Amino acid sequence: MNAHDSMSDTDVLNAARDSLSGMPVASPPDVEMIMARGRARRHRRRLVPGVTGMLAVAAGAALAVTTLAPASHQAAPPAGGRQRAAHLAAWTVTELADGNISVTIRELKDPAGLQSTLRADGVPASVTFAGQLNPACRPYPGGTIPWPPQRPTPLLRQVFPKPYGVLPPSADPSPGRSQAPGHGSPPPATPAPGRTVIVIARSALPGHAGVQIAATHGAGWIGPVRVVYASPQCTSS
Amino acid sequence: MAGGSGNPARAYADRRAGELTVVSNERAEFADFFRTGWEPCLRAVLAVVGSQQLAEDQVAEAFVRAWASWRKVRSHPAPRAWVVRTALNAGASWWRQRSRELPLAGHDLTAPGDPSEGLDASLLAALRHLSLRQREVIALRIFLDLDTDAIARQLGIEAGTVRMHLSRGVTALRRELTCTNDHGG
């Protein structure tokens, strides 16, 4: 016989409540920050019905501009239009019509250049391509995927609004060199063009926060992407 | 005759002042709701998801949405329950979407074991063995003091179903607590 055996339903519920109520929990975040995010959300909601068509047109225009004149956001020497398909940059940073930043990584080259380009576009970033995270970076609360369960946090979903990862083979300009994406894929000696795309919502980054990208050749060479505290040691900002 | 037709500028100023007062009142109202509701909502979500970090993020996101729709939420019969439900839905919907999309590299995960430290171990073990619905029902009951009908409305299920989940959840909780107690000496 155990003390719990004689507990009524109410006793069990009370015991559960007392136990959980006794544990320390985080103090609430700043209400002003919550309200600011709420306002931004309300604003976005109002924008959506009226400007969806306009955004589509603008996105098309942005794509055309990117294709024809990729000037300041190219790591490799600028290449225009059709030439771009033949001589792809190691990576490309593009500002989308909605203000988000799109990063396409084709080769693991010049992480410092990518880092400084992102910073110039208003995204404090730490970029490494060796699969090693910069140890000076401190994860921002909610900026990493908890384990368990493996669910990205709301902050991650806001900062990275689209799942980042390998493009489907049909999106590759040279499908002959593409490899099957995902876990278990052999590391490609030369990643196929257009392999990894990361979309970053600058406006969703909290103050004093940046992103950390550590692309690696393993597991389809999609590295960890997380939100970290911006600092001179981590993001050089 | 009362009214502002005689002085449009004054009428506009009065109307604008009235609007600002409403906004100011709403801000104060929400700030109070947030201050008093954060902890019970967080504990309720924590009891369901079992992860401190995840619960904090989801509850913060739910309060963001509450402020974005404050005029609707403030007239809700149980605003805190709205927050909890929204927090739980936010996590679930993303997970459903994500599970159909690209896998993540395993090294993007934090080390196991860091969340939920401080949570009573036996209770955590007991909660883990309950179904999601049982945890939701229990969390809404013990942290938000909702009765069966209110829980049913929040979860969109029948009151009888709530009673069933509550009964089974409590039974399982009691059994788990008993087992834990026995093993713990």
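Anything mentioned here points back to the structure above.
A quick note: this is a predicted structure, and the numbers were derived from the prediction, not measured.

Caption draft 1: Spotlight on the sheet that holds strand β7 (residues 225-229) of chain A. All names here are of chain A. Read from one edge of the open sheet, 3 strands run β3-β6-β7, paired in mixed fashion. Across the chains shown, the open sheet's two edge strands, defined by having one partner strand only, are β3 (125-128) and β7. Across the sheet, the mean angle from the axis of one strand to that of its neighbour is 25 degrees, orientation sign disregarded. Across 4 bridges, β3 lies against strand β6 (residues 209-214) in parallel orientation. Bridge pairing in β6 links Thr128 to Ala214.

Caption draft 2: The arrangement of helix α2 (residues 52-68) of chain B in detail. Taking 1.5 Å per residue, 17 residues should reach 24 Å; α2(B) reaches 24 Å between its end C-alpha atoms and fits that length. Within α2(B), 16 of the 17 residues are buried, which leaves the element mostly enclosed by the surrounding structure.

Caption draft 3: Looking closely at the nonpolar core. In this structure, B:Ala44, B:Val45, B:Val59, B:Phe63 and B:Val84 are the most contacted members of the largest nonpolar core, which totals 51 residues. Of all the secondary-structure elements, those providing two or more residues to this core are α1 (9-22) and α2 (31-68) of chain A together with α1 (8-49), α2, α4 (79-99), α5 (121-128), α6 (132-144) and α8 (159-183) of chain B. In terms of residue count, α1(B) provides more of this core than any other element does, 12 residues in total. If you count residues domain by domain, this core takes at least three from each of domain 1 (29-102) and domain 2 (119-185) of chain B. Beyond its immediate stretch of four places on either side in the chain, B:Val59 contacts B:Cys41, B:Leu42, B:Val45, B:Val83 and B:Ala87. Within the second largest apolar cluster, 28 residues are counted, among which are A:Tyr140, A:Val159, A:Ile213 and A:Cys234.

Caption draft 4: Broad picture of the packing of α6(B) against helix α7 (residues 148-155) of chain B. Residue and element names in this part refer to chain B. Between α6 and α7, the shortest axis-to-axis distance is 10 Å and the interhelical angle comes to 130 degrees. Comparing their axes, α7 and α6 come out oblique. Two packed elements cross with a definite hand, and for α6 against α7 that hand is right-handed. In this structure, α6 contributes Glu136, Val137, Leu140 and Arg141 to the contact, and α7 contributes Ile151, Gln154 and Leu155.

How each quantity is defined
Residues numbered from 1 in each chain as written. Chains lettered and ligands numbered in written order. Predicted model: local features only at pLDDT ≥ 70, side-chain atom pairs only at ≥ 80, totals over all residues. Pairing = 2+ DSSP bridges. Helix = DSSP H or I, 4+ residues; strand = E, 2+ residues; numbered from the N terminus. Axes fitted to C-alpha atoms, helices over the stretch in contact; angles between N-to-C directions. Expected span 1.5 Å × (residues − 1). Buried ≥ 20, exposed ≤ 12 C-beta atoms within 10 Å, placed from the backbone. Core = buried A, V, L, I, M, F, W, Y, C linked by C-beta atoms within 7 Å. Domains from an automatic or database assignment. Contact = placed C-beta atoms within 7 Å. Parallel < 35°, antiparallel > 145°, perpendicular 65-115°, else oblique. Left-handed = near helix turned anticlockwise from the far one by under 90°.

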